[in-house]
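Chain by chain, the residues:
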Amino acid sequence: MNTPLFISDDNAFMEPHNDIISTSLVIIGFVVFAAILSSTYFAFDDNSYALDNYKHASMIANDIANYQSIQGSRVDLISAEKLDLLSTPAKDKEKHRTFFQRFSGNMDLSVDISTNDGKYHWTIDRDENQTSKNEIIAASVPVVIELGSNVNCAPGTLTVSVRKNKWI
Amino acid sequence: MKFKQKADKSQNEKIISFFIEDQRAWIDLIISKASLIFATVIILAAVYHLAGDFQELSRKEELDIATQELAYIMNSVGSGQYGTLGSKKEYIFSSYGIDKNVFDRMNVSVSGEYVAISYRENNKEMISAAPLVYKTLSYSPDELSIKMIDQFSASGNASDPVTYPHRPTDVSKFLAELGTKEANLNTSTKVHIVKTLICCINNTEVKELEYTLVYQ
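Note that the structure is a prediction, hence the values are computed from the model and not measured. (Residues numbered from 1 in each chain as written. Chains lettered and ligands numbered in written order. Predicted model: local features only at pLDDT ≥ 70, side-chain atom pairs only at ≥ 80, totals over all residues.)

On the side of chain A, 25 residues touch chain B, which itself brings 26 residues to the contact. It is helix α2 (residues 26-79) of chain B that contributes the most residues to the side of chain B that touches chain A, 15 residues altogether. Its residues assigned to classes, the side of chain B that touches chain A comprises twelve nonpolar, eight polar and six charged. (Contact = placed C-beta atoms within 7 Å. Helix = DSSP H or I, 4+ residues; strand = E, 2+ residues; numbered from the N terminus. Nonpolar A, V, L, I, M, F, W, Y, C, P; charged D, E, K, R; others polar.)

Have a look at this one:
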């Protein structure tokens, strides 16, 4: 009922303000566009950070799985005995230090190795006093763990977790 | 005096009533058009700025890609086993699709823990850095041997290991100090990346310290 009033009204009382309304609409549209664009960029940046760190974690996991100092009687086996020694640094601090020697100080990492049946689990942490478990990026590789002798082997998983520290 | 004040007052009232009683809405029109021009200027400036920012962002992305690429190659050498094919690689900046004008103006530096690329354009400096996973030294094998001989009287090769009274921790500390030195790489020549072992004899046990060397 009211619509014809606006259409047939010739006083032009809305006329000067049309500009302001249309301009404010353009500004709102532009602000929304800029906000969407920047949020997309930040999401992309976060994802690329995660991807880079995943690449690092995956590279370290593969490296450790083939590392000679934890190898069992065969190249493709990981010795449970050596893992016992490394997971308790108090037993042999020198071995623990050597294990992480080649990694740069930037890398705050820990290695978790467990058998798939959940019976055995080892954690080798670079920083023994690590308490914060926030912002972890992890990568895993399948491994075979030699429990005592090469006839007693169990399939397991080696997981490397890279923690976000003040450097990365 | 009183008469003059009265005259001024009536003059002001006339001016005010002129604006109040005016029905042509020209003030509305001027305010509206002025705001329109003002808003247009702001929007155009914002769009111009955004376009400039995007150009800068894409350049920064390019730098990030170059840095990540170089860091990835260094890390992959670090993760390879000593003596295998993967423990020795070469990197050529021009082969990774970076515009020649860009890589000519790039300043690439490598330290023990970082690889950083900076680029200067229109008096603005952009820096991109990537952390290295493995301990890296910006020395050639020969330079490192000389430094080791100077410090420990042994090159640290398998045939000439560092022996007592120098302990592996002393070697690590010395090499960590060397790692703090930043080396600039020339973007028009090849970068050699190799893995090396520094051998130390601790009592009867041979200890091998792994390092990645970056040199030209």
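Alright, that's what it looks like, and here's the rest.
Along its 54 residues, α2(B) runs 77 Å from first to last C-alpha, staying within 8% of the 80 Å computed at 1.5 Å per residue. All buried positions along α2(B) are accounted for by E62(B), L63(B), A66(B), T67(B), L70(B), A71(B), M74(B), N75(B), V77(B), G78(B) and S79(B). (Expected span 1.5 Å × (residues − 1). Buried ≥ 20, exposed ≤ 12 C-beta atoms within 10 Å, placed from the backbone.)

Once that is clear, we can look at the sheet that holds strand β3 (residues 114-121) of chain B. All names here are of chain B. Spatial strand order, β4-β3-β2-β6: four strands in an open sheet with antiparallel pairing. Two strands bound the open sheet, and with one partner strand each, they are β4 (124-131) and β6 (183-185). Mean inter-strand twist for the sheet, computed between neighbouring axes without regard to direction, equals 25 degrees. As defined by bridge partners, strand β2 (residues 106-110) adjoins β3 across five bridges and the pair is classed as antiparallel. Counted as the bridge partner of V110 is V115 from β3. Helix-sheet contacts for α2 involve β3 and β4, and the interaxial angle to β4 is about 30 degrees. (Pairing = 2+ DSSP bridges. Axes fitted to C-alpha atoms, helices over the stretch in contact; angles between N-to-C directions.)

With that out of the way, let us pick up the environment of S109(B). All names here are of chain B. Tracing the sequence through the fold places S109 in strand β2. We classify S109 as partly exposed; it has 16 C-beta atoms within 10 Å. As a C-alpha pair, S109 and A129 span 20 residues in sequence and 9.3 Å in three-dimensional space. Filtering out sequence-adjacent residues up to four positions away, S109 remains in contact with A116, E182, A183 and N184.

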